[in-house]
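Close look at the chain arrangement
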Amino acid sequence: MAHSGLSIFYVLSFIAQLICGVLAFQEPKLRRVHSHQAPPLTNQQRLNTPTALRSEKNDLNDERAKSTRRRFLRTTRKGRRRRRRYTFIHQESHVTAAGAESLFSLSWWPYSYEMATKSSTIHNVQYLNSLDLPPIDCGWACVSNTEQIQLQQMKLLLRSELKMITDVNLHEKYPDVYSDLRLLRFLRKSKDRDVTSAAARYRSFLQWREKNEVDSIRDMVEDCNGSFTPTAVRLQTVAAHFPMNFDYLVQETDELNEGDKSLVKPAILNVGEFDTRGITEKILASNSDHVELEDFLNYWIFLYESIHLRLYQQSLQFGQMTFLDEVCDLSGLSLQQFSPLFVTKVMSPWLKMTQAYYPETTRRIYILHPPAIIKVAWKLVTPLLSQGTIDKIRFVRKFDGSANDFVESASWLD
């Protein structure tokens, strides 16, 4: 019995040593595989990966994408520290800061945000140039052949949205809204003429119009025959708080600015007489005098739709891109017009809307008769303005006449 028990002990000991030997032999291999291979990405992780680093499988045939992928794999394999591997290739879309900055900020990432942005921009241009560009109907308004090509590339990126517009004949019903001339204004929004960003802005513009039924307000413009005075009573209530003069805009006399192949039309805004306090009280009121913030914004939508209709008609008439020059008379301006409630509840959504969805409407903004409090008012307003709008502002300090005198003297032409 003792002999048989000893034999069983030897057999069990041999089996245990064999198992330990196999595990010891395979442990380095398991460790090597684990260090070089990361678990497959989930769908959420793929969505969080920057869009410029993802694309369809067909782009793998591109020789440039293959070489970039090989260079990335070489970099990760040579690193001494453990690095997570991401499979990426290029896609013809803009690098957004949402996912890119978080990824490029990691210490183990071999490329910088600037390198990827530049690479994506070059790839976008090469991709768009390889396709047949659609025609445009406003080549006469482009300042160069490069801008004309950029406008064609923008239409190519918006081909699905533009097809939906043509299917329902919106481009014929509202040519000032859905024409190539409006696309050109969105393209000129940025100084570098970024085609992808311009297409994204116009796509957001179309979504905003559909959500807020802006085309119905555009129909109201037709009913007013370009008088800049709305027929709806609720919009007339808002208009009474903002005295303005658009008589020079509807005049047939043209003032040509030879510098940028454009026409300019002046409009007078009596900012010093704006009843911002009254309109703020009505928007915040709960009685019968209450005015909806939507009605306030709809009035400015009506005004900008009227302006763009007139600018479009005059652009076609004179064969030149037409812009608006705002002459803002600040006579009588006071700090009471810039109450915190007006700035946050009324002015902020108003300026955000007009700057986002009506770009390149104005060429210059002239400030007449700036009072002593202009520095305080300037600090309150400038955070709500884009840098492009701020660059258009000109302070006129050595003019004692009225706003009409300033316009008639042609001092606003430069």
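Our structure is the block above this text.
What this report covers is the structure whose coordinates are included nearby. Keep in mind the model is a prediction, meaning the values are calculated, not measured.

1. Things to note about the layout of surface pockets
In this structure, the largest pocket spans a volume of roughly 910 Å³. If you trace the largest pocket, you find 43 residues lining it, with Glu326, Cys328, Leu351, Ile365 and Leu385 closest to the centre. Those elements giving two or more residues to the lining of the largest pocket turn out to be strand 3 (262–269), helix 16 (293–318), strand 4 (321–329), helix 17 (340–357), strand 5 (362–368), helix 18 (374–381), helix 19 (387–392) and strand 6 (393–396). For the lining of the largest pocket, the leading source of residues is helix 17, giving six residues. Looking at the lining of the largest pocket residue by residue, the class counts come to 30 nonpolar, nine polar and four charged.

2. Digging into the state of the cysteines
One pass over the structure, following the stated rule, counts zero disulfides. Lacking any disulfide linkage, Cys138 is separated from the closest cysteine sulfur, that of Cys142, by 5.2 Å. For Cys142, a relative accessible area of 4% puts it in the buried group.

3. Brief notes about the environment of Pro371
With respect to the element layout, Pro371 can be found in the loop between strand 5 and helix 18. Exposure remark for Pro371: the relative accessible area of 22% places this residue in the partly exposed category. A sequence separation of 41 residues divides Pro371 from Leu330, and the C-alpha atoms of the two residues are 7.1 Å apart. With residues up to four places along the chain from it excluded, the contact list for Pro371 reads Leu330 and Leu333.

4. Things to note about the side chain of Glu326
By the element assignment, Glu326 lies in strand 4. The charged side chain of Glu326 is buried without a salt bridge, its nearest counter-charge being Lys392 at 8.6 Å. Residues contacting Glu326, with those up to four places away along its chain left out, are Ala267, Leu269, Tyr304, Thr362, Arg364, Ile365 and Tyr366.

5. A short note on unusual backbone geometry
Positive phi is not limited to glycine here, since Glu213 has a value of about 55°. Topologically, Glu213 is positioned in the loop between helix 11 (195–212) and helix 12 (214–224). With relative accessibility at 56%, the residue Glu213 sits in the exposed group.

6. A word on the nonpolar core
Grouped together as the largest cluster of nonpolar side chains are 80 residues, with contacts concentrated most on Leu151, Met154, Tyr202, Met244, Phe296 and Trp300. When residues of this core are assigned to their parent elements, the largest contribution, 12 residues, is made by helix 16. Apart from residues lying up to four places away in sequence, Trp300 is in contact with Phe242, Met244, Trp350 and Met353. Counting 10 residues, the second largest nonpolar core, distinct from the first, contains Tyr248, Tyr366, Val396 and Val407.

7. Observations concerning a nonpolar patch on the surface
Together, Leu335, Val376 and Leu380 line one region of the surface with nonpolar side chains, adding up to about 230 Å² of accessible area. Residue position: Leu380 is located in helix 18. By relative accessible area, which is 35% here, Leu380 ends up partly exposed.

8. Describing the pattern of salt bridges
Taken as a whole, this structure holds 14 salt bridges when the rule is applied. Here Glu161 makes a salt bridge to Arg203, at a shortest N to O gap of 2.8 Å. Separated by 42 residues along the polypeptide, Glu161 in helix 7 (residues 159–167) and Arg203 in helix 11 bring together distant segments of the chain. Owing to a relative accessible area of 27%, Arg203 belongs among the partly exposed residues under this scheme. Note that Arg218 is salt-bridged to Glu222, the shortest N-O span being 2.8 Å. Of the two residues, Arg218 and Glu222 are both situated in helix 12; the distance of four residues between them amounts to about one turn of the helix. What makes Arg218 buried here is its relative accessible area of 1%. Connected via shared salt-bridge partners are Glu147, Arg188 and Arg193.

9. Considering helix 18
Inspection of helix 18 places Ile374, Ala377 and Val381 among the buried residues, and these make up the whole buried set. An end-on view of helix 18 places all buried positions within 65° of arc, on one side of the element. In helix 18, the exposed positions angled more than 90 degrees off the buried face are occupied by Lys375 and Lys379.

10. A look at the packing of aromatic side chains
Enumeration over the complete set of coordinates arrives at 20 aromatic pairs. Residues Tyr202 and Phe205 carry aromatic rings whose centres are separated by 5.6 Å and whose planes lie at 40° to one another, so their mutual orientation is tilted. Of the two residues, Tyr202 and Phe205 both sit in helix 11, three residues apart, roughly one turn of that helix. Neither residue differs from the other here; Tyr202 and Phe205 are each classed as buried.

11. Some words on the packing of helix 15 (residues 276–284) against helix 17
In contact at an axis separation of 10 Å, helix 15 and helix 17 are set at 65° when each is read in the N-to-C sense. Along this stretch, helix 15 crosses helix 17, giving a crossing that reads as left-handed. Side by side, helix 15 and helix 17 meet where Thr276, Thr280, Ile283 and Leu284 of the first sit next to Leu341, Phe342 and Val346 of the second. A breakdown of the residues in the contact of helix 15 with helix 17 according to their chemical character gives five nonpolar, two polar and no charged.

Basis of the calculations
- Residues numbered from 1 in each chain as written.
- Predicted model: local features only at pLDDT ≥ 70, side-chain atom pairs only at ≥ 80, totals over all residues.
- Heavy atoms only, no water.
- 1 Å grid on protein atoms, 1.4 Å probe; cavity = no way out; pocket = protein on both sides within 12 Å on 5 of 7 lines; lining within 4 Å.
- Points joined across faces, edges and corners; volume = space filled by probe spheres on them.
- Helix = DSSP H or I, 4+ residues; strand = E, 2+ residues; numbered from the N terminus.
- Nonpolar A, V, L, I, M, F, W, Y, C, P; charged D, E, K, R; others polar.
- Disulfide = S-S within 2.5 Å.
- Buried < 20%, exposed > 50% of the residue type's maximum accessible area, 1.4 Å probe, protein only.
- Contact = heavy atoms within 4.5 Å.
- Lys, Arg positive; Asp, Glu negative; His and termini not counted.
- Salt bridge = Lys/Arg side-chain N within 4 Å of Asp/Glu carboxyl O.
- Core = buried A, V, L, I, M, F, W, Y, C linked by side-chain atoms within 4.5 Å.
- Patch = residues over 30% accessible without salt bridge, like charges linked within 9 Å, V, L, I, M, F, W, Y side chains within 5 Å.
- Areas by Shrake-Rupley, 256 points an atom, 1.4 Å probe, with all protein chains shown as cover.
- Arc of directions from axis to C-beta.
- Phe/Tyr/Trp six-rings, centres within 6.5 Å; stacked < 30°, edge-to-face > 60°.
- Axes fitted to C-alpha atoms, helices over the stretch in contact; angles between N-to-C directions.
- Left-handed = near helix turned anticlockwise from the far one by under 90°.

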